[in-house]
Amino acid sequence: MVERRVQLAGIDTVQLLGFNDANLQMVEDRFDATITVRGDQITLRGSQSDTAKIEKIFKELIYILNKNGNLAPSDVEMVIDLVSVNGSTPELPRDSSEDADYAILYTKVGIIKARTSGQKAYIQQVRKNDIVFAIGPAGTGKTYLAVAMAVAALKNRDVTKIVLARPAVEAGENLGFLPGDLQEKVDPYLRPLYDALDDMLTAEKLKSYMEKRIIEIVPLAYMRGRTLHNAFVILDEAQNASAMQMKMFLTRLGAHSRAIITGDITQIDLPQNTISGLVQIRDVLKSIQGVAFTYLDVNDVVRHRLVKDIIDAYEKYNSKVNGASRSKE
């Protein structure tokens, strides 16, 4: 049993501890330690490990409070999660106010934020509009940032549910030949969404959200007939949604819901003569207020350095082939 103290000089203890000590209660619920607040001092009594973690939590909360002027429940939960898992928090964006403006989520793997001008424009569009289409090549962060913004909205209690959907185009032909039940057959097509969530939430939190259906990851076909209120809905790989599927998805939105639709119109896997809903929708909704289209390009690629070169090489090759075809005509 050890004792530690955290000084609160100049800190608004009501804001730090929360209304009716709600923030304090969140910390106490996660650790087997005694937390006592007297004047401008917090006294911690418990094991070496627990008191060290609680001290780090309060110091980080004090920093966030001083920086932002307030503490959201999601801030408290995020710091508790990070310190509980890693014993510390990742380096926060303390270098510039601009970086902080484009920070989306604080996670166990670090800060998720816009890293290019295109990504910054993407985030701004999502913050201003209820429906945003993000179109661009692989590696530009379309899906990853969309999932991060959804998780941030859930933690900030702007929504009560996240639904992530993806067309399983290839599965439509080969489903019967794959082993396992239906969920096991479609899971490979949903894996990129699981991977993103794994980066953003602890295993325990993600499992809890999935079991309570606060977060759902489903094939696009499963969306039919539903109405989603207070939800953040994402359609990934939307270039492989037909025109009818796109209409079906967009009309699922209920009150106080938001949607991001991501896709790459250069990688359409639909059968020939099938119109991509993502291609068509640009003409259908181009003048609707509250709907925005944002375009990412090779300059927004944030994967391995060679990915950008590969995309460039393909674009040059396709331009050369198309030019040769036109000259023959």
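Computed from a prediction, not measured in an experiment: that's the story for all the values here. (Residues numbered from 1 in each chain as written. Predicted model: local features only at pLDDT ≥ 70, side-chain atom pairs only at ≥ 80, totals over all residues. Heavy atoms only, no water.)

(A) Examining the pairing of strand β7 (residues 161–166) more closely. Counting buried residues in β7 gives six out of six residues, a clear majority hidden from the surface. Relative to strand β9 (residues 231–235), β7 runs parallel, the two sharing five bridges. The residue bridging Ile162 from the neighbouring strand is Phe232, located in β9. As defined by bridge partners, β7 adjoins strand β8 (residues 215–219) across five bridges and the pair is classed as parallel. (Buried < 20%, exposed > 50% of the residue type's maximum accessible area, 1.4 Å probe, protein only. Helix = DSSP H or I, 4+ residues; strand = E, 2+ residues; numbered from the N terminus. Pairing = 2+ DSSP bridges.)

(B) Summary view of unusual backbone geometry. Its identity is not glycine, yet Asn230 carries a phi of approximately 50°, on the positive side. Turning to its location among the elements, Asn230 is positioned in the loop between β8 and β9. With a phi close to 55°, Glu237 is a non-glycine residue in the positive phi region. Considering the arrangement of structural elements, one finds Glu237 in the loop between β9 and α11 (243–250). We classify Glu237 as partly exposed; its relative accessible area is 27%.

(C) Structural detail: helix α3 (residues 48–68). Helix length check: α3 (21 residues) gives 30 Å between terminal C-alpha atoms against 30 Å at 1.5 Å per residue, within 8%. Positive phi appears at Gly69, one or two residues downstream of α3, with a value of about 85°. (Expected span 1.5 Å × (residues − 1).)

(D) Molecular detail of the confidence of the model for the protein chain. Summing up the model confidence of the protein chain, the mean pLDDT is 83 and the portion of residues at 70 or higher is 83%. Counting contacts from residues 92–97, a segment whose pLDDT is below 50, to residues more than four positions away or on other chains yields 12 contacts. Note that pLDDT drops below 50 for residues 171–175; the model gives that stretch four contacts with residues more than four away or on any other chain. (pLDDT = per-residue confidence, 0-100. Contact = heavy atoms within 4.5 Å.)

(E) Highlighting the packing of helix α6 (residues 117–128) against helix α7 (residues 142–155). Direction vectors running N to C along α6 and α7 enclose 40°, while the axes themselves pass 11 Å from each other. In this structure, α6 crosses over α7, and the sense of that crossing is right-handed. Between α6 and α7, the contacting residues are Gln119, Tyr122, Ile123 and Val126 on the first element and Lys142, Leu145, Ala146 and Met149 on the second. Class assignment of the residues belonging to the contact of α6 with α7 gives a composition of six nonpolar, one polar and one charged. (Axes fitted to C-alpha atoms, helices over the stretch in contact; angles between N-to-C directions. Left-handed = near helix turned anticlockwise from the far one by under 90°. Nonpolar A, V, L, I, M, F, W, Y, C, P; charged D, E, K, R; others polar.)

(F) Representation of the side chain of Asp75 in the model. Looking at the secondary structure, you find Asp75 in helix α4 (residues 73–86). Aside from chain neighbours lying at most four places away, what touches Asp75 is Leu61, Ile64 and Asn70.

(G) Seen up close, a nonpolar patch on the surface. Together, Leu306, Ile310 and Tyr314 give the surface a local cluster of nonpolar side chains, amounting to about 320 Å² of exposed area. Here Leu306 lies in helix α13 (residues 305–328). The class for Leu306 is partly exposed, based on a relative accessible area of 38%. (Patch = residues over 30% accessible without salt bridge, like charges linked within 9 Å, V, L, I, M, F, W, Y side chains within 5 Å. Areas by Shrake-Rupley, 256 points an atom, 1.4 Å probe, with all protein chains shown as cover. Salt bridge = Lys/Arg side-chain N within 4 Å of Asp/Glu carboxyl O.)

(H) Local environment of the packing of aromatic side chains. A complete count under the given rule lists one aromatic pair for this structure. The interplanar angle of 10° and the centroid separation of 4.6 Å between the aromatic rings of Phe133 and Phe293 together place this pair among those described as stacked. On the criterion of sequence distance, the pair formed by Phe133 in strand β6 (residues 131–135) and Phe293 in strand β11 (residues 291–295) is long-range, its members being 160 residues apart. Here Phe133 falls in the buried class, since its relative accessible area comes to 0%. (Phe/Tyr/Trp six-rings, centres within 6.5 Å; stacked < 30°, edge-to-face > 60°.)

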